[in-house]
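# Summary of structural features
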Amino acid sequence: MAEYKGVLICGELIEGRLTGISKELLGIGRKLADDLGEELSILLMGSDLSNAAREAIACGANKVYIAAQPLLDNYHCDACTEVATNLCREIAPSVFLLGQTDMGRDIAPRIAARLKVALAVDCVELRIEPDTKLLIQTRPVYGGNALAEVVSVTHPQMATVRAKSMSPLEPDESRQGESIPVKVEVDIETMKIKLVERIKQPIEGVKLEDADAVVAGGAGIGSAGNFAMLEELAKLLKGAVGASRVPCQEGWVSQSIEIGQTGKIVTPNIYIAIGISGAVQHIAGCLGSKCIVAVNKDPDANIFKVADFGIVADYKEALPAFTEKCKEIIG
Amino acid sequence: MEPTKFDAVVAGAGPAGCAAAYALAKAGLEVLVIERGKFPGAKNMFGGMLCGSVLAQLIPNFWEEAPLERYITRHVITFLSREDSFSIDFQSPSFGKPPYNGYSVLRAKFDKWLAGKVEEAGAIIVPGLLVEDLLWDGNQVVGVKAGGEDFPASVVIAADGVNSLLAQKAGLAEELSTEYVSLGVKELIQLPSEIIQERFNLEDDEGVTQLFDGFCTRGMHGGGFLYTNKESLSLGIVIQLSALRRMGVKPADLLEEFKSHPGVRNLIKGGTVEEYSAHLVPNAGINKVPMLYKDGFLVVGDAAGLVLTTGITLDGASFAFASGMAAAETVKLAKQNGDPSRKTLCNYEKLLKESFVLRDLETFKHSQFFLDNPRLYTTYPELICNLSRGLFTNDGKPRKRLWQLARTEMGRQKLSILHVAVDGFLGRRAI
Amino acid sequence: MINIIVCVKQILDPEMPPGKFKIDPESNKVIPPEGIPLVVSPFDEQAVEAALRIKEQCGAKITVVTVGESSAVNAVKHSLAMGADEGIVVEHIIEGYDSLLTAYILTKAIEEIVAYDLIICGREAADWGSGQVGSIIAESLGIPVVARTRKIEVMDSRLKVEHIIEDGDESLELPMPAVITVSYEIGQARIPTGWGVISAARKKIPSWSLEDIGVDLSQIGDTSSRIKLLKLFTPTRERGCQIIEGKTAAEAAANLALRLREAKVI
Ligand SMILES: Cc1cc2nc3c(=O)[nH]c(=O)nc-3n(C[C@H](O)[C@H](O)[C@H](O)COP(=O)(O)OP(=O)(O)OC[C@H]3O[C@@H](n4cnc5c(N)ncnc54)[C@H](O)[C@@H]3O)c2cc1C
Ligand SMILES: Cc1cc2nc3c(=O)[nH]c(=O)nc-3n(C[C@H](O)[C@H](O)[C@H](O)COP(=O)(O)OP(=O)(O)OC[C@H]3O[C@@H](n4cnc5c(N)ncnc54)[C@H](O)[C@@H]3O)c2cc1C
Ligand SMILES: Nc1ncnc2c1ncn2[C@@H]1O[C@H](COP(=O)(O)O)[C@@H](O)[C@H]1O
């Protein structure tokens, strides 16, 4: 496929800075580009992109495509799909990577549909096969019960990448790269989908995805009120509270703190799973944690299979004592 | 307009309910089967060996498509003392030819298949729904209540298994006393098929049933069983519930004990336990068979206590099939006559009396009493094992005749000739 | 009254015990565990639920479509039992990772049904978890799509939907026809009633072949011309858990804290 060249990343921004996953994408993108002996580019959409462009170059990009359009500051699915598809058509990358984020989940399938190419979502490992120079994509399937290794035959080879599964490069300000403006020919007014309002839930304390300690509760917690015990421990450990599907579904906690295959991926130093049985779909979201601790009253719960430490106990009796002891230790 | 009343509503999609529904649907009647399990067979278990001759009357050559595990060609009976075991082993290749004598079967698969046949025949099965009550018009049963909905029917067939709720609701039976039921617990133990074949001396699809008497029940009325499946063993024990309560033992503990007996341990070596299940089985034979019908209502299978226990074998499935088929015949008659009252439905009991169902139960009506005798589970197995031990021991001392050995052994077991004579007499009469 | 099409897929029960999950390394396929019936993918059940709620709100005719082997008729039956009006099985076995083909066949089937105002899909099929088919259908039909919604409201010929985004949600408006994909946030799917199952069992469910809907496989090409499955395998992930004991739960908990300190994790 001579005409398809290079690796393209779709960048995401938060307050004018690259998000964690974007840096992770640059990290793996750099490696793939090197293996191909080709260039790494990134697409940035929004206004005031100069800081992010500098960051992107420091994190490994050779080229930054700047789609400057203030309207894109507010993520708009149709518009982003349009811009990214057009760029792909124009520069014909061999590999096009996005994050398995809300934006990636929205736009990647649509771009793939427009380009009529295969898309492998939620990849946890990517590598170039030396002989064919094709991209081998590894992704969890069947809720995490299995891993599938697939290779796309169509170009660009599109994949979305699971958060925290790749490592970013150490930023190096001495790296050189060029910024290239992209013509943005989208008129939000003609787009069929209209944004009425956006409601962001304010986050108190540490953001779940960035927390070094996560205290997660499951169906076993039993009520919204009982989550206060988890809050207390999380605060003490300077971490965040997460949850399995059940508490989110029951409305005990916000749906935005669901951890797992369909929720957030976290990789803290310590993950404390309380009253969580350890369904594959849940542990998909926390397996990257350095240390997993389980508190469950059922000794046969699956969570003990993936934990490093555990106690078999009713959390209502165990948790206060645990928090107390932690207070003592941490001081 | 779609009919809102069925010719028959069958409660329970076990062998009895499926047989009834299949025969009725084949005859073109509107049949509804309501099953509480997530799918038919989901929670059902038995030993078990299925004798196919009755089913073959309903579904000829069923063995060609049913999910059967192994053809049983070998039957072993084993007596256990604390450590020793003594076996009688019967093997016949003729059992391995169509139509076969019996098959080992896993209920989850088999019941699902059978229910599929029932649907193919045109009956409707609603799984995941518990029949809670009967609908009445005066003294006539006119349907069932399930999940808060009403399902009207000309005849209701109670095929809801042992301790039938519906037979009780119909006023035909009382809640079963623990004297008249046994509890079966079983483990499904995975083992590669090659190992099974080698270990049990079997050809490809051949299987064995092994029944255990003696130490495994700690003297309680009951026994142990082992059946070979394709890639697993069904291993369990059946014990009378009242005895179990009296002794205060946990069935799971008994099963563990059974599994660690030297005569059993090696048979299951290397296997991994895949599931544990428990189920009741009626054991009173004809003595506790309730009134079998009422206006608009029939009771079939385990729900009617139609299970034959002879002490060695346990056959419920054939009785379930046969009673289900007899019920179907009767409902067809009721449809013809336009009369679902007891006047027509009494035909059901007549059919059962003519068939092996009530005849066999009559023949073995004393077995329950006989089988309550603890000597069967302690004294005799031990006697047999110890006799054999004596017979085979070679310790440099002068040998004794078998008769002398027996005398000594009987003395040790405090067993008089009179006991043996009485037990022998009762046994002859009972089994 | 609007016409709603719901796409449902029949899959292995995603909540089966992990121990029952086995792969045949020869064929790179999952061995369906015995005794565990196939189910409607949970998000698709929720898609049916979403359609039923619209039907209750403003009247709708709901047609359910599935592509799969003949037993996939059970997925349609389940949806009918929940309350959908019609169902169609397109009989063709596709690899779960070939989203383009799945969406292509579904698009053709949808075009055959003709009347549609709204197409509802699950957010992702709970086996291969691709989350693409709904979007591809929308692109092929040239209609708008909103993925992962938690609420759908019909206002004349427009829709108002709540779309889930990072740390919150947004409210969007779009014209019909449109594709919406739904997630579990839509709420529990209803359990079919007994009479629901009965009327579903009595319905005739047409089975369409690819020819019936004008799908020409030679045109779209076989799966391997897009994507190849090299290997399907089970990950190893047992960590060897240390169970911390104590006379009471509280003591065990305190010991756990000490042990974690020792291991320098807190
Ligand atoms: C397609 C799909 C995607 C999914 N995605 C996700 C996902 O992203 N994230 C997710 O979490 N789930 C997901 N699920 C759901 C998942 O399969 C499980 O159903 C869910 O994770 C179970 O949550 P749980 O462990 O909290 O509840 P349960 O499985 O009910 O477990 C509760 C546990 O609490 C224990 N317990 C109860 N009381 C106490 C007590 N007092 N003290 C201590 N322990 C106690 C019990 O022993 C039990 O182990 C998904 C499912 C599907 C089908
Ligand atoms: C341990 C054990 C070993 C056995 N071994 C053998 C053997 O080797 N050979 C043999 O032939 N027999 C054996 N039996 C006996 C045999 O299993 C039964 O006799 C036979 O299954 C009876 O069939 P049935 O249809 O009457 O009842 P069941 O098989 O019990 O079926 C009853 C059905 O009704 C359903 N149901 C119950 N209540 C309701 C309700 N309220 N609403 C809706 N559905 C309901 C149940 O879920 C079930 O599917 C054994 C039994 C046990 C317990
Ligand atoms: N074979 C299929 N038949 C019908 N609908 C399907 C099929 N595969 C996927 N879908 C629909 O598309 C959604 C997303 O699937 P996927 O892109 O495969 O994750 C599912 O939730 C279904 O609504």
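Residues numbered from 1 in each chain as written. Chains lettered and ligands numbered in written order. Predicted model: local features only at pLDDT ≥ 70, side-chain atom pairs only at ≥ 80, totals over all residues. Heavy atoms only, no water.

## Focus: the overall build of chain B
To keep things clear, this is the line we draw: Numbering of helices and strands starts at the N terminus; helices are DSSP runs of H or I of at least 4 residues and strands are runs of E of at least 2. Only the C-alpha atoms count toward the radius of gyration. The rule for a globule is 2.2 Å times the residue count to the power 0.38. Only protein chains enter the area calculation, which uses a 1.4 Å probe; residues under 20% of their type maximum are buried, those over 50% are exposed, and those in between are partly exposed. Whether two residues are in contact is decided by their heavy atoms, any of which lying within 4.5 Å being enough.
In terms of helices and strands, chain B carries 15 helices and 19 strands. Relative to the globule expectation of 22 Å for 431 residues, the C-alpha radius of gyration of chain B, 23 Å, shows essentially globular dimensions. By principal-axis analysis of the C-alpha atoms, chain B measures approximately 90 × 45 × 40 Å. Out of the 431 residues belonging to chain B, those deemed buried represent 55%. In chain B, the share of contacts with a sequence separation of at least 24, taken over all contacts with a separation of at least 6, comes to 72%.

## A short note on helix α4 (residues 102–115) of chain A
Here is the rule we go by: Given the number of residues in a helix, its expected span is that number minus one, multiplied by 1.5 Å.
In this model α4 of chain A runs 20 Å from its N-terminal to its C-terminal C-alpha over 14 residues, within 8% of the 20 Å that 1.5 Å per residue would give. At the C-terminal side of α4 of chain A, K116 of chain A shows a positive phi close to 55°.

## A word on the domain arrangement of chain A
Where interface size is given, it is often the accessible area lost as the parts come together that is meant. All names here are of chain A. Operational definition: Each domain span listed reflects an automatic or database assignment of domains. Note on definitions: buried area is the accessible-area loss of two parts on being combined, 1.4 Å probe, summed for both. For salt bridges, the criterion is a side-chain nitrogen of Lys or Arg within 4 Å of an Asp or Glu carboxyl oxygen. Polar contact is the term for a pair of N or O atoms within 3.5 Å; when the atoms are in protein, one must be able to donate a hydrogen and the other to accept it, and sequence-neighboring residues count only if both atoms are side-chain atoms. Think of it as three bins: nonpolar holds Ala, Val, Leu, Ile, Met, Phe, Trp, Tyr, Cys and Pro, charged holds Asp, Glu, Lys and Arg, and polar takes everything else, Gly as well.
Splitting chain A by domain gives domain 1 (7–190) and domain 2 (208–330). Placing a centre on the C-alpha atoms of domain 1 and another on those of domain 2 gives a separation of 32 Å. Contacts between domain 1 and domain 2 engage seven residues on the former and 10 residues on the latter. Together, the buried faces of domain 1 and domain 2 total about 720 Å²; carbon and sulfur atoms form 47% of this surface. Here domain 1 and domain 2 share zero salt bridges between them. At the junction of domain 1 with domain 2, the criterion picks out three residue pairs in polar contact (both at pLDDT 80 or more). A class-by-class count of the residues in the side of domain 1 that touches domain 2 yields one nonpolar, three polar and three charged.

## Description of the interface of chain C and chain B
Listed as interface residues are 13 residues of chain C and, on the opposing side, 18 residues of chain B. Across the chain C to chain B interface the summed buried area is about 1300 Å²; carbon plus sulfur atoms make up 59%. Considering only the surface of chain C that becomes buried against chain B, W195, I198 and R202 of chain C emerge as the three largest contributors, covering 43% of it. In this assembly, chain C and chain B are joined by four salt bridges. Two residues, K20 of chain C and E274 of chain B, come together in a salt bridge whose shortest N-O distance is 3.0 Å. Counting across the interface, chain C meets chain B through six residue pairs in polar contact (both at pLDDT 80 or more). Partitioned by chemical class, the residues of the side of chain C that touches chain B number five nonpolar, four polar and four charged.

## A closer look at helix α15 (residues 417–430) of chain B
Residue and element names in this part refer to chain B. Rules: When we speak of the arc, we mean the arc of directions from the helix axis to the C-beta atoms.
When the terminal C-alpha atoms of α15 are compared, their 20 Å separation across 14 residues agrees well with the 20 Å that a helix rising 1.5 Å per residue should span. Among all positions of α15, only D423, L426, G427 and A430 are buried. When α15 is viewed along its axis, its buried side chains cluster within an angular range of 105° and face the same direction. Counted as exposed and oriented over 90 degrees from the buried face of α15: I417, L418, F425 and R428. Buried residues in α15 make contact with α11 (356–363), α12 (367–371) and α13 (379–392).

## What about the domain arrangement of chain B?
Residues and elements named next belong to chain B. As assigned here, chain B comprises domain 1 (6–69 + 105–176 + 284–354), domain 2 (182–282) and domain 3 (370–430). The C-alpha centroid of domain 3 is placed 25 Å from the C-alpha centroid of domain 2. At the interface, nine residues of domain 2 touch seven residues of domain 3. Taking both sides of the interface into account, the surface hidden between domain 2 and domain 3 amounts to around 540 Å²; carbon and sulfur atoms contribute 52%. When the buried surface of domain 2 facing domain 3 is broken down by residue, D213, G219 and H221 rank first, second and third, together holding 71% of it. Our enumeration of links across domain 2 and domain 3 arrives at zero salt bridges. For the pair domain 2 and domain 3, the interface holds zero residue pairs in polar contact (both at pLDDT 80 or more). Class assignment for the residues of the side of domain 2 that touches domain 3 results in two nonpolar, six polar and one charged.

## Structural notes on the nonpolar core
Selection criterion: Nonpolar core, defined: a set of buried Ala, Val, Leu, Ile, Met, Phe, Trp, Tyr and Cys residues in which side-chain atoms within 4.5 Å join the residues together.
Membership of the largest hydrophobic core comes to 130 residues, with the highest contact counts inside it found for F62, F110, F297 and L306 of chain B together with I4, I120 and L159 of chain C. In contact with L159 of chain C, other than residues within four places in its own chain, are L118, I152, E153, V154, L172, E173, L174, M176, A178 and I180 of chain C. Counting residues in each nonpolar core, the second largest holds 59 residues, with A213, A216, A240 and I257 of chain A among its members.

## Section: the packing of helix α3 (residues 77–91) of chain A against α4 of chain A
Residues and elements named next belong to chain A. This is how it is decided: Every angle, taken between N-to-C directions, lies between 0 and 180 degrees, and every axis is a line fitted to C-alpha atoms, over only the stretch in contact when it is a helix. Here roughly perpendicular refers to angles of 65 to 115 degrees, roughly parallel to angles under 35, roughly antiparallel to angles over 145, and oblique to all remaining angles. Each crossing gets its hand from how the near helix is turned against the far one by less than a right angle, where anticlockwise is left-handed and clockwise is right-handed.
Taken N-terminus to C-terminus, the directions of α3 and α4 make an angle of 45°; their axes are 9 Å apart at the nearest point. Relative to α4, the element α3 lies oblique. The element α3 and its partner α4 pack so that their crossing is right-handed. Between α3 and α4, the residues in contact are C77, D78, C80, T81, E82, A84, T85, C88 and R89 and D106, I107, R110, I111, R114 and L115, respectively. Taken together, the residues of the contact of α3 with α4 break down into seven nonpolar, two polar and six charged.

## Quick word on the sheet that holds strand β15 (residues 240–243) of chain A
Put simply, the test is: Each pair of strands is called paired provided DSSP finds at least two bridges between the two strands.
In spatial order, the strands read β15(A)-β14(A)-β16(A)-β17(A)-β18(A)-β15(C); together these six strands make up an open sheet with parallel pairing. With one partner strand each, in any of the chains shown, β15 of chain A together with β15 (242–243) of chain C form the two edges of the open sheet. Sheet topology places strand β16 (residues 270–274) of chain A next to strand β17 (residues 291–296) of chain A; five bridges connect them, and they run parallel. Bridge pairing links A273 of chain A to A294 of chain A in β17 of chain A. The strands touched by helix α5 (residues 227–236) of chain A within the sheet are β14 (213–217), β15 and β16 of chain A, with β15 of chain A carrying the most contacts at an inclination of about 140°. Each of β16, β17 and β18 (309–312) of chain A together with β15 of chain C touches helix α7 (residues 249–262) of chain C; the most contacted strand, β18 of chain A, lies at about 175° to it.

## Here's the deal with a nonpolar patch on the surface
We apply this condition: Here a patch means residues that are over 30% exposed by relative accessible area and free of salt bridges, tied together within 9 Å if like-charged and within 5 Å if nonpolar (Val, Leu, Ile, Met, Phe, Trp, Tyr). Computed with a 1.4 Å probe, the accessible areas rest on the Shrake-Rupley method; for each residue, only the protein chains presented here act as cover.
On the surface, L391, F392 and L402 of chain B cluster together to form a nonpolar patch covering roughly 350 Å² of accessible area. Mapping L402 of chain B onto the fold places it in helix α14 (residues 402–412).

## Description of the site of ligand 3
Residues and elements named next belong to chain C. Note the cut-off: A cutoff of 4 Å decides nearness: a residue is near a molecule or strand if any of its heavy atoms lies inside that distance of it.
Taken together, 17 residues lie near ligand 3, and C7, D44, A125, G131 and Q132 sit nearest. Contacts to ligand 3 include D44, whose side-chain N or O atom sits 2.4 Å from an oxygen atom. One nitrogen or oxygen atom from the main chain of V133 is found 2.8 Å from an oxygen atom belonging to ligand 3. Its free accessible area being 480 Å², ligand 3 has 98% of it covered by the protein chains. When residues of the shell around ligand 3 are traced back to their parent elements, those giving at least two are β6 (60–68), α3 (99–113) and β8 (118–122). Of the residues forming the shell around ligand 3, the biggest block, three residues, is contributed by β6. Counted by class, the shell around ligand 3 contains eight nonpolar, six polar and three charged residues.

## A look at the packing of aromatic side chains
Put simply, the test is: Between rings of Phe, Tyr and Trp, where Trp is taken as its six-membered ring, a pair exists when centres lie within 6.5 Å; planes separated by under 30 degrees are stacked, by over 60 edge-to-face, and by other angles tilted. Either the NZ atom of lysine or the CZ atom of arginine qualifies as a charge over a ring when it sits within 6 Å of the ring centre and within 35 degrees of the ring normal.
If you walk through the whole model with that rule in mind, you get 17 aromatic pairs over all chains. Chaining the aromatic ring pairs together yields one cluster made of F62, W63, Y71, Y100 and Y103 of chain B. Note that R245 of chain A overlies the ring of Y184 of chain C, its terminal NZ or CZ placed 4.0 Å from the centroid. For K231 of chain C, the ring lying beneath its charged end belongs to F233 of chain C, and the centroid distance is 4.8 Å.

## Structural notes on the sheet that holds strand β12 (residues 178–181) of chain A
Residue and element names in this part refer to chain A. Taking strand neighbours across the sheet as the criterion, the seven strands line up as β7-β11-β6-β1-β4-β5-β12 in an open arrangement whose pairing is parallel. The open sheet has two free edges, formed respectively by β7 (119–123) and β12, since each of these has just one partner strand. The average undirected angle you get between the axes of adjacent strands in this sheet is 25°.

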